[in-house]
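Reading the structure
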Amino acid sequence: MQHFLTSRRTYHEAAGEEFLLFDIGDFIDKWHPLSEGTQGQGNIELLNESGYTAVTIGNNEGVNFPYEGLNHLYDNRKFDVVLANLYNSNKQYPEWLKPYKIYQTEKGTRIGVIGLTANFSLLYELLGWHLTEPIEELKSWIQTLRNQSDIIVLLSHLGLNHDEQIAREFPEIDIILGGHTHHTLPEGKLEGQTLLAGAGKHGRYVGYVCIQVDERKPIGKQALLYNVMELPSVPDEKAISKELYRKGKKLLNQKITKSPKEYHPHKPFQKAELAQLLCQALREWCKADCAFINGGLILGPLPSKVTLYDVLSICPHPINPCKIELTGSELKKVLLETRGEDWADQQVVGLGFRGTVMGESTYDRIRFNENSDIFINGQELDLNQTYTIAVPDMFTFGHFFKEVFPQKKKEYFLPEFLRDLLKWKLEK
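In this report, the structure presented in the accompanying data block is examined. Worth saying up front: this structure is predicted, and the values here are computed from it rather than measured.

Turning our eyes to something else, we now look at the nonpolar core. Core analysis: the largest hydrophobic core is formed by 85 residues, its most contacted members being Tyr-74, Leu-86, Phe-292, Leu-335, Ile-389 and Phe-395. Ranked by residue count, the leading element in this core is helix 10 (residues 273–286), at 8 residues. Contacts of Leu-86, omitting those with residues within four sequence positions, involve Ile-57, Leu-70, Tyr-93, Pro-94, Trp-96, Leu-97, Tyr-124, Trp-129, His-130 and Leu-131. In terms of nonpolar packing, the next biggest core, distinct from the first, is built from 20 residues, Ile-114, Ile-135, Leu-154 and Ile-176 among them.

Another point: helix 13 (residues 418–427). Restricting attention to buried positions, one finds in helix 13 the residues Leu-418, Arg-419, Leu-421, Leu-422, Lys-425 and Leu-426. Projected onto a plane normal to the axis of helix 13, the buried residues spread over an arc of 155° and lie on a single side.

This part covers the packing of aromatic side chains. Applying the stated criterion to the full structure yields 23 aromatic pairs. With centroids separated by 6.4 Å and ring planes inclined at 45°, the aromatic side chains of Phe-400 and Phe-401 adopt a geometry described as tilted. Taken as a pair, Phe-400 and Phe-401 share a single burial class, namely buried. Among the aromatic residues, ring-to-ring pairing joins Phe-292, Trp-343, Tyr-363, Phe-368, Phe-395, Phe-400, Phe-401 and Phe-405 into one connected group. Here Lys-30 stacks its cationic end above the ring of Phe-65, 4.6 Å away from the centre of that ring.

What counts, and at which threshold
- Residues numbered from 1 in each chain as written.
- Predicted model: local features only at pLDDT ≥ 70, side-chain atom pairs only at ≥ 80, totals over all residues.
- Heavy atoms only, no water.
- Core = buried A, V, L, I, M, F, W, Y, C linked by side-chain atoms within 4.5 Å.
- Buried < 20%, exposed > 50% of the residue type's maximum accessible area, 1.4 Å probe, protein only.
- Helix = DSSP H or I, 4+ residues; strand = E, 2+ residues; numbered from the N terminus.
- Contact = heavy atoms within 4.5 Å.
- Arc of directions from axis to C-beta.
- Phe/Tyr/Trp six-rings, centres within 6.5 Å; stacked < 30°, edge-to-face > 60°.
- Lys NZ or Arg CZ within 6 Å of the ring centre and 35° of its normal.

And the structure:
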């Protein structure tokens, strides 16, 4: 992809055409050893090498780092970070961020670029940031952009539905480059006079938008996608990729503990000690009455000499702990769902999950007898009593336990991932 971007830049500049390059967020995913080992700095280096003009941030950057981690993530950048709805703990924009930026072409066309990111305000607040509602924030900047720009471009890490809404409410926006919902728009999509673009997920496509101007005003715009797997190959491409992985692995190859035993290969449909250990760590960390996890969270065995790389390999998910208060009646509904016929076989995509299937449920301080009666910490479940349960936060984002979880107050624990809890437990 980097080779392609470099060659396209050369091509357009030789033709006397302007070339601007943007990233829409989630460029960092900490399942990769380079991202984890360098705390994102390796990713910034890749963006620098590719010559990006500006980026906005996604939730992977925004809520997967502690406050100081994000605050210094872009220290060595050679591009602009454009985002209007993120403020620091003092309710000011951090020095590394601009709400918008005006780029002027050689022929004088002014291109106003503004960024917005998904409204996970609670998670940002827990980390010390202040996140505003994106569309409300856009309203406060749109007149400024109108006054200073000939063309307005939105870098949107909001998702397709929000992009369509913005196009309807703000017809003065010419282009919306979209992410977050991983939507793929092979030739873009016109919503009124606004062109929406989306290039899918996992770097499968490079998105391209061409704007034709006359007298500094847009008179034509088109979008298309380049399939990365069909781009010309690059000499030593696999070797370069392996070297990036090796570099990250080397940084993580530090022993954190020596376990008295090896934990054997894990199968998601069988009870396993390692899943039990993680479930216990989750309950203890959240100080909850009980806990459950899905066995598919554990992706492999663990040697007796444990390194940071080993823990990342078996639990790569950017998933945080969460504690929820439920009545006994609500808790019963949730737990019975985790024992349903189709539960373990479910394919899980997104929500921070980096495995494949849900896997068998693992419980801590939860027991079922032969009649499916439920016991919490040795006592039979009281339907009228209040309990706290610790779960991976992926279960709280609207896809599971829809009768119970959506209306309940949740306590999220950030910035720790489940693997941090597993490391903590192993060290203990």
